Amino acid sequence: MRSTFMGLEASKRGLFTQQSALYTTGHNISNANTEGYSRQRVNMQPTLGYPGIGLNAPKTAGFIGTGVQASAVERIRDSFVDKQFRQETNKLGYWEARSKSITQMEDILNEPSDYGLSKAMDEFWNSLQDLNVNPEDGGARAVVVQRGIAVADSFNYMYNSIKQLRDNAGEEIGILLEDANSILEQIASINEQIMAVEPNGYMPNDLYDARDNLIDQLSSYFPVETKKVESGGNALDQAEGSLTVFLNLNGKQVKLVDGNQFAQLRNSGPSDPDGVTPTDKITGLHIVKVNADKSETHLNEDWTQTGTQTDYDINLFNNLGKFKGLVDSYGYETTGVTKGLYPEMLEKLNTMAKEFANEFNKIHRDDPNNDEGRTSDLYGNPGEDFFVSKDNSGNITAGNIYVSDSLIKDPNKIAASNSVGAEPGNGKNALNLANVKFATIAALDDVSVQTYFEGLIGQLGVDGQQAYRLTYNAQTLQQAVLERRASVSSVSLDEEMTNMITFQQAYNASARMITVIDETLDKIINGMGRVGL
Amino acid sequence: MRVTQSMLSGNMLKNLSNSYSKLGKLQEQINTGKKVNRPSDDPVVAMKGIGYRTQLNNVEQFSRNIGEAYNWLDTTDDTFDKVGSALQRANELMVQASSDTSTPEDREKIDAELQQLQKHIQSLANTKIGDKYIFSGTKTTTAPYNNDNGGYTNNLSDNAFGKTIEIEVFDGINMQINTTPLNLFKNIDDVFEDISSKITNGATADELSSLITSINNNMNELLKTRADIGARQNRVELMDARLQSQEVIATERMSENEDIDYEKTITEMITQESIHRAALSVGSRIIQPTLVDFIS
């Protein structure tokens, strides 16, 4: 026989469950604009019918329903879309970082324009042509010196600015690794909370969201993989468990977070005492465990061995993630070869400055052993070097190329003449000097300085074009995946309103049900057995 | 597919920003008049642009050099013209002097005039452009004729006075702009010395008339040099014409390479503008009322 008050109990369950659904709807609406929030749903499930199963169970005609219960509050999310999103974020991170570096370099080189190095070179050439026409003219000589200084300044400026960019990229790599390390620590801490909550049969949806957000962020830095580990205890089937996070290096998995334990990333090349900010070419990364006393223990990829440093070569990063993008700009060393946008550009500028200066000096300097190579200045003294290195090391680079001090003080010392004694009207060597710009130089891949620079700008342009195009592609793809993710997880106000009405009406109906049962009970209690009263 | 408000507004924002960046690019092109403003816009155009700029710069410089060549050659020609007139006059005077009817007094007067002509030619030898002596070879700061230092003689032993001055008038094409007539000047001077001493010594009419031949020989030599200068002037004129057309071509090619087609770009810009406006007006519509607005 069922209980007299069973109807009340069943309706009360209805009230409670609809109320939790209504509250969850409220939670969804409140978080409609929260970054990374997945909408939540109360899974409703009927409670077991009456009578229960058993030998002593009362015999009635079939089960009678006993109401509803909320079995779980679940977030709506598609982990496959998450994986796709992270793959696209990886690519976008790389190409965005690369585009940014190239843009900055383009800004500095400032070509094609009327202000860049090629303009300075053109003007220098003009001044030498004028000197050829008027070799005895002090004005023409002063102009040659000033234009020569302008060429040297252009080299210095480009060199120093790109070097500055490179230093900035180094700082950025340090900050990125710090940030990644902090994310790893946070993931481990969220894992710990999740592992504490789940065995009690709860679904910490908002912790899952927070953790997914962190992994999204991490995947813009590196290619990462995750694996779920169930919590045990009374965890629900839908519970997501703790996440083990791996760095996915070309198939090789390097464990970064395991439960509430986490590793920290360290730069393997020369670096600051913080272990992450590079001071010179990067070679790779390794991971360590930070102990309670701040000391560090090296870990291998699956943490089974400790104490020996295992380096992961930078090439394993496969053009994925912002980290690799920055490193590609900053420069790295692999099998003894230096690569990277900034170091390669600096190297090319150095070669160009050095070869141009050497070739120019060779023509400018008097060569007593060669009749064709005789030069002299306005006073008839033999020609000396025109370009020198600022630090007097004799090794000219784009950073230290400068016009010799004695020429700046006395422009008459420019060896415009190809004579042995003083011939004020002889400007033949000035013409030879002018033609250095167009002379092929073996060390510059057998092309002239002019062509070499054109090639350098062309290469930069091609690299830039590729980087911009792929950034755009990655953005489009990421956007598409983001759309799919939003389609699954984002809050729709219309939907929530519909749900609200549904739950409210169900709540109202349950309340009405209680009134009905109340009335039936009223009939029994107050109306029965009072015949004739 | 389930579509939510945040998807609509996210998409809308992305498209608006795309449309804005296209608008920005077109505006930049119109403002600068250039198709490319950084190498990555179009690496080939950027690379060629550097080359064309240099080429144009070179042509402009060569034009400037040509101006200098004109200056030198014209001045030289003009000087020689005056030297020629002086010799012509000397010739006439000598014809007069060698006549048997001229008295020693007449000859002395003629000699006085001849001496002035000699000085005139000496000063012509010291012609300058700016502060440069144009007949000094590469020793442009030393006068070819120096009265205090043996006239032409000392300079003749210095081979720098025989050196050419060349300027570049086109890629790899050098042109000599000076002339080195020191020997000629010296010969002319010697003839005048000769005449003067002969007249002073009371030479006969026959002796004097033989000197007319010497004057005529130098005159011929002078004409040869002038012919050479004339030929070079012609060459400079040809080169000048070539450079001028080259400058037009280079400017044209540079413009073709990197300048925008204004009609086209402005049309594109207006199209893009209207697309942007459309996108904005659509934007105002995506903020649709939700069910909230209808539930009381």
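Remember, it's a predicted structure, so these values are computed and weren't measured experimentally.

Some points on the overall build of chain B
So, step 1. Helices and strands together make up the secondary structure of chain B, namely 7 helices and 4 strands.
So, step 2. Going residue by residue from the N terminus, the α and β elements of chain B occur as α-α-α-β-β-α-β-β-α-α-α.
So, step 3. Whereas a compact globule of 296 residues would reach a radius of gyration of roughly 19 Å, chain B reaches 38 Å, over 25% beyond that.
So, step 4. The dimensions of chain B, computed from C-alpha atoms along their principal axes, are 140 × 35 × 25 Å.
So, step 5. Of all 296 residues assigned to chain B, the portion counted as buried reaches 43%.
So, step 6. In chain B, 75% of the contacts between residues at least 6 apart in sequence involve partners at least 24 apart.
So, step 7. On chain B, roughly 15,100 Å² of surface is accessible, and the fraction owed to carbon and sulfur atoms is 51%.
So, step 8. One way to put it: in chain B the 30 positive side-chain charges average out to a point 12 Å from where the 42 negative ones average out.

Observations regarding the side chain of His286 of chain A
All names here are of chain A.
So, step 1. As for its position among the elements, His286 is in strand E8 (residues 284–290).
So, step 2. Of note is the side chain of His286, whose polar atom sits 3.0 Å from the side chain of Ser268.
So, step 3. For His286, the residues in contact, after removing those within four places along its chain, are Gln264, Leu265, Arg266, Asn267, Ser268, His298, Gln309, Thr310, Asp311 and Tyr312.

Re the sheet that holds strand E3 (residues 224–229) of chain A
All names here are of chain A.
So, step 1. Here 4 strands make up an open sheet; going across it, the order is E3-E4-E5-E6 and the pairing antiparallel. What marks the edges here is a single partner per strand, and that holds for E3 and strand E6 (261–262).
So, step 2. Bridge count between strand E5 (residues 252–258) and E6: 2 bridges; the pairing is antiparallel. Each residue of the ladder has a partner; that of Asp258, found in E6, is Gln261.
So, step 3. Taken strand by strand, helix H4 (residues 138–197) contacts strand E4 (242–249), E5 and E6, and its axis lies near 60° from that of E5.

Focus: the packing of aromatic side chains
So, step 1. One pass over the full model with this rule turns up 21 aromatic pairs over all chains.
So, step 2. Aromatic side chains Phe124 of chain A and Phe360 of chain A sit 5.3 Å apart centroid to centroid with 35° between the ring planes, which places their arrangement in the tilted category. Placement of the pair is Phe124 of chain A in helix H3 (residues 117–133) and Phe360 of chain A in helix H7 (residues 341–364), with a sequence separation of 236 residues. Side by side, Phe124 of chain A and Phe360 of chain A carry an identical accessibility label, which is buried.
So, step 3. Measuring from ring centre to ring centre gives 5.8 Å for Phe356 of chain A and Phe387 of chain A, while their planes differ by 50°; the resulting arrangement is tilted. Here Phe387 of chain A lies in strand E13 (residues 387–389) and Phe356 of chain A lies in helix H7, a separation of 31 residues in the sequence. You'll find Phe356 of chain A and Phe387 of chain A in the same group, each marked buried.
So, step 4. Looking at Arg242 of chain B, its charged tip hangs above the ring of Phe170 of chain B, at a distance of 4.5 Å from the centre.

Brief notes about the confidence of the model for chain B
So, step 1. For chain B, the mean per-residue pLDDT works out to 90, and 100% of the residues sit at or above 70.
So, step 2. Taken together, the chains of this predicted complex give a pTM of 0.85 and an interface ipTM of 0.85.

Remarks on the interface of chain B and chain A
So, step 1. The interface is formed by 46 residues belonging to chain B together with 55 residues belonging to chain A.
So, step 2. Where chain B touches chain A, the interface holds 7 salt bridges.
So, step 3. Residue Lys132 of chain B is joined to Glu136 of chain A by a salt bridge in which the shortest nitrogen-to-oxygen separation is 3.2 Å.
So, step 4. Our count for the contact surface shared by chain B and chain A stands at 33 residue pairs in polar contact (both at pLDDT 80 or more).
So, step 5. Here the side of chain B that touches chain A takes 14 residues from helix H2 (residues 43–97) of chain B, the largest share from any one element.
So, step 6. For the side of chain B that touches chain A, the residue count by class is 15 nonpolar, 18 polar and 13 charged.

What to know about unusual backbone geometry
All names here are of chain A.
So, step 1. A cis amide bond, omega 0°, links Tyr50 with the succeeding residue Pro51.
So, step 2. Relative to the assigned elements, Pro51 resides in the loop between strand E1 (40–46) and strand E2 (68–75).
So, step 3. With phi around 65°, Trp303 is a residue other than glycine that occupies positive phi space.
So, step 4. Within the fold, Trp303 resides in the loop between strand E9 (296–298) and strand E10 (312–313).
So, step 5. At Asn319, a position not held by glycine, the phi torsion is positive, near 50°.
So, step 6. With respect to the secondary-structure elements, Asn319 resides in the loop between E10 and helix H6 (321–330).

Comments concerning the domain arrangement of chain B
So, step 1. Here the domain parsing of chain B yields domain 1 (50–254) and domain 2 (262–296).
So, step 2. Here the C-alpha centroids of domain 1 of chain B and domain 2 of chain B sit 80 Å apart.

Re helix H5 (residues 205–221) of chain A
Residue and element names in this part refer to chain A.
So, step 1. Its 17 residues give H5 an end-to-end C-alpha distance of 25 Å, which sits within 8% of 24 Å, the value for a rise of 1.5 Å per residue.
So, step 2. When you tally the buried positions in H5, you get 12 out of 17 residues, the bulk of the element.
So, step 3. Every buried residue belonging to H5 is among Asn205, Tyr208, Asp209, Arg211, Asp212, Leu214, Ile215, Asp216, Leu218, Ser219, Ser220 and Tyr221, and all of these are buried.

Description of the packing of H2 of chain B against helix H6 (residues 205–258) of chain B
All names here are of chain B.
So, step 1. Axis separation between H2 and H6 bottoms out at 7 Å; the angle between their running directions is 165°. Classified by the angle their axes make, H2 and H6 are roughly antiparallel. In this structure, the crossing between H2 and H6 has a hand that is left-handed.

Concerning a negative patch on the surface
So, step 1. Together, Asp167, Glu171, Glu178, Asp272 and Asp274 of chain A make up a negatively charged patch on the protein surface.
So, step 2. Within the secondary structure layout, Asp274 of chain A lies in the loop between strand E7 (264–267) and E8.

Concerning the side chain of Asn126 of chain A
So, step 1. Checked against the element boundaries, Asn126 of chain A lands in helix H3.
So, step 2. For Asn126 of chain A, a relative accessible area of 10% translates into the label buried.
So, step 3. Once residues lying within four places of it in the same chain are set aside, the contact partners of Asn126 of chain A are Arg147 of chain A together with Asn57, Gln61 and Arg64 of chain B.

Examining the nonpolar core
So, step 1. Counting 154 residues, the largest nonpolar core has Phe222, Leu265, Phe323 and Phe387 of chain A together with Leu114 of chain B as its most contacted members.
So, step 2. Considering each element in turn, this core owes the most residues, 22 residues, to H4 of chain A.
So, step 3. Dropping the residues within four chain positions of it, Leu114 of chain B is found in contact with Ala90, Leu93, Met94, Phe192, Ile195 and Ile199 of chain B.

Overview of the environment of Lys14 of chain B
Residues and elements named next belong to chain B.
So, step 1. As for its placement among the helices and strands, Lys14 is situated in helix H1 (residues 5–32).
So, step 2. Take Lys14: its relative accessible area is 27%, and that puts it in the partly exposed class.
So, step 3. When the C-alpha atoms of Lys14 and Asp100 are compared, they prove to be 111 Å apart, with 86 residues separating the residues in sequence.

Notes on the pattern of salt bridges
Once their charged atoms are close, side chains differing in charge can pair, the charge on each being opposite to the other.
Residues and elements named next belong to chain A.
So, step 1. Across all of its chains, the model carries 52 salt bridges over all chains by this definition.
So, step 2. One salt bridge connects Glu240 with Arg75, and the closest N-O pair in it is separated by 2.8 Å. With a gap of 165 residues between them, Glu240 in the loop between E3 and E4 and Arg75 in strand E2 connect regions that are remote in the sequence. Taken as a pair, Glu240 and Arg75 share a single burial class, namely buried.
So, step 3. For Glu333, the salt bridge goes to Lys281, with nearest N and O atoms at 3.9 Å. Taken together, the residues span a long stretch of sequence, with Glu333 in strand E11 (residues 332–334) and Lys281 in the loop between E7 and E8 at a distance of 52 residues.
So, step 4. Assessed through its relative accessible area of 29%, Glu333 is described here as partly exposed.

A short note on the packing of H3 of chain A against H4 of chain A
Residues and elements named next belong to chain A.
So, step 1. Packing of H3 against H4 leaves a shortest axis separation of 9 Å and a crossing angle of 160°. The orientation of H3 with respect to H4, classified from their angle, is roughly antiparallel. The two elements H3 and H4 meet at a crossing, and its hand is left-handed. Residues Leu117, Ala120, Met121, Glu123, Phe124, Asn126, Ser127, Leu128, Asp130 and Leu131 of H3 lie in contact with H4, whose contacting residues are Ala140, Arg141, Val143, Val144, Arg147, Gly148, Ala150, Val151, Ser154, Phe155 and Met158.

Cut-offs used in this document
Residues numbered from 1 in each chain as written. Chains lettered and ligands numbered in written order. Predicted model: local features only at pLDDT ≥ 70, side-chain atom pairs only at ≥ 80, totals over all residues. Heavy atoms only, no water. Helix = DSSP H or I, 4+ residues; strand = E, 2+ residues; numbered from the N terminus. Rg over C-alpha atoms; globule rule 2.2 N^0.38 Å. Buried < 20%, exposed > 50% of the residue type's maximum accessible area, 1.4 Å probe, protein only. Contact = heavy atoms within 4.5 Å. Areas by Shrake-Rupley, 256 points an atom, 1.4 Å probe, with all protein chains shown as cover. Lys, Arg positive; Asp, Glu negative; His and termini not counted. Charge placed at Lys NZ, Arg CZ, Asp CG, Glu CD. Polar contact = N/O pair within 3.5 Å; in protein donor to acceptor, adjacent residues only side chain to side chain. Pairing = 2+ DSSP bridges. Axes fitted to C-alpha atoms, helices over the stretch in contact; angles between N-to-C directions. Phe/Tyr/Trp six-rings, centres within 6.5 Å; stacked < 30°, edge-to-face > 60°. Lys NZ or Arg CZ within 6 Å of the ring centre and 35° of its normal. pLDDT = per-residue confidence, 0-100. Salt bridge = Lys/Arg side-chain N within 4 Å of Asp/Glu carboxyl O. Nonpolar A, V, L, I, M, F, W, Y, C, P; charged D, E, K, R; others polar. Domains from an automatic or database assignment. Expected span 1.5 Å × (residues − 1). Parallel < 35°, antiparallel > 145°, perpendicular 65-115°, else oblique. Left-handed = near helix turned anticlockwise from the far one by under 90°. Patch = residues over 30% accessible without salt bridge, like charges linked within 9 Å, V, L, I, M, F, W, Y side chains within 5 Å. Core = buried A, V, L, I, M, F, W, Y, C linked by side-chain atoms within 4.5 Å.

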